Amino acid sequence: MSGDVEQVAGWVRDARQIALLSGAGMSAESGVPTFRDAQTGLWAKFRPEELATEDAFRANPQMVWDWYAVRREMIAKVEPNAGHLAVAAFQRRHPNRLTVVTQNVDGLHQRAGSPGVLALHGNIAQDKWLDAPGDCCTHMEPVAGRPPRCAKCGNMRRPAVVWFGEMLPARELQAAEEAARRCDLMLVVGTSGAVYPAAGLARIARGKVVVVNPHASELDDAADVVLRGTAAALLPQLLE
Ligand code: BV8
């Protein structure tokens, strides 16, 4: 175990409250492509503005719906990795000492058994109505390859994720800010730190901040220690 990893493992042992902020890199070793890793990132083929926005969905519902369908199918086939499992095991051994705040919409922390996950950007496996549902929106007319819609008023279903320009769920964001402000230690795992307000949590953390990332990130400057390694390799060592 390297000196820095040993030091952070000690901080974990001593911390009363830990907040873990995860991003797409947390799920990379499960086989879920990240957004911004150049050679594999989802955005490498698409730009967020083109797809992860309400305007894009209204302008081209089929393209956006298809993009999410491909991602849903891929995520349904993967499993939580050793990083997710180490977090959930730690939470079982030490109830109410570690809060998971995730930007990920893949549900892998939840499937690994982590309780009380604060999912800031929603869940890709769920849908919701695009417009406020009327009394007529009780049944959906499936249309091959297109978003299901209400047969009466045409209201479409959309992925229940937070798109760019949309507010984050207030309860989860408030709880995440509280977790950041009360923690003795924040582990920032697998995020480029490019997206706000989630990335801002690493800058309001009361305690020590540790970045776990094999590459440089926009949150390195906020860290007391940067561990250049992957989630699945390092978290089992840190959360023994
Ligand atoms: C809002 C859901 C307010 C959908 C997503 C200028 C400055 C600051 C902010 C803004 C700005 N202009 C606009 C904004 C606001 C905007 C924003 O932050 N834009 C950015 C691009 C500049 N934010 C918003 O719009 C948010 N809403 O601000 O509302 C508002 C105010 C008034 C009125 C209305 C609204 C909403 C943001 C949420 C967007 N939705 N996802 C979907 O998934 O399709 S964001 C998307 O990016 C994902 O959720 C993802 O999690 C998130 C962040 O990316 P990362 O998770 O960090 O992933 P990334 O690929 O970037 O990085 C992966 C990292 O892992 C890398 O560093 C890599 O090195 C590392 N890694 C790789 N392998 C491993 C690893 N690490 C560990 N182990 C490994 N094995």
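Everything quoted here is computed from the prediction, not taken from an experiment.

**Re the UniProt feature "binding site: substrate" (unreviewed entry) in the chain**
- UniProt tags Tyr68 and Arg71 as "binding site: substrate" (unreviewed entry). Cross-referencing the annotated residues with the lining of the largest pocket gives Tyr68 and Arg71.
- Within the secondary structure, Tyr68 is located in helix H5 (residues 61-77).
- The exposure class assigned to Tyr68 is buried, which follows from its relative accessible area of 3%.
- Residues in contact with Tyr68, not counting those within four places in the same chain, are Ala52, Ile124, Pro159, Val161 and Trp163.

**Focus on unusual backbone geometry**
- Note the cis peptide between Tyr196 and Pro197, where omega equals 0°.
- As for its position among the elements, Pro197 is in the loop between strand S8 (185-189) and strand S9 (208-212).
- Its identity as a non-glycine residue notwithstanding, Asn96 has a phi of 60°, on the positive side.
- Structurally, Asn96 can be placed in the loop between helix H6 (82-93) and strand S2 (98-102).
- Residue classification places Asn96 among the exposed positions, given a relative accessible area of 70%.

**Some remarks on helix H8 (residues 170-182)**
- Here H8 spans 18 Å end to end across 13 residues, near enough to the 18 Å set by a 1.5 Å rise per residue.
- Structurally, H8 contributes buried residues whose contacts are with strand S1 (18-22), S2, strand S3 (118-119) and S8.

**Some points on the site of the ligand**
- Taken together, 35 residues form the shell around the ligand, and within it Arg36, Tyr68, Gly165, Thr191 and Ser192 come nearest.
- Phe35 places a main-chain nitrogen or oxygen 2.7 Å from an oxygen atom of the ligand.
- Within the side chain of Thr191, an N or O atom sits 2.6 Å from an oxygen atom of the ligand.
- The element contributing the most residues to the shell around the ligand is H5, with three residues.
- Its residues placed into classes, the shell around the ligand shows 17 nonpolar, 13 polar and five charged.
- Residues lining the shell around the ligand come from more than one domain, with at least three contributed by each of domain 1 (1-32 + 80-121 + 168-240) and domain 2 (35-77 + 125-161).

Analysis parameters
- Residues numbered from 1 in each chain as written.
- Predicted model: local features only at pLDDT ≥ 70, side-chain atom pairs only at ≥ 80, totals over all residues.
- Heavy atoms only, no water.
- UniProt positions renumbered as here; feature names shortened; annotations may be inferred.
- 1 Å grid on protein atoms, 1.4 Å probe; cavity = no way out; pocket = protein on both sides within 12 Å on 5 of 7 lines; lining within 4 Å.
- Helix = DSSP H or I, 4+ residues; strand = E, 2+ residues; numbered from the N terminus.
- Buried < 20%, exposed > 50% of the residue type's maximum accessible area, 1.4 Å probe, protein only.
- Contact = heavy atoms within 4.5 Å.
- Expected span 1.5 Å × (residues − 1).
- Near = heavy atom within 4 Å.
- Polar contact = N/O pair within 3.5 Å; in protein donor to acceptor, adjacent residues only side chain to side chain.
- Nonpolar A, V, L, I, M, F, W, Y, C, P; charged D, E, K, R; others polar.
- Domains from an automatic or database assignment.

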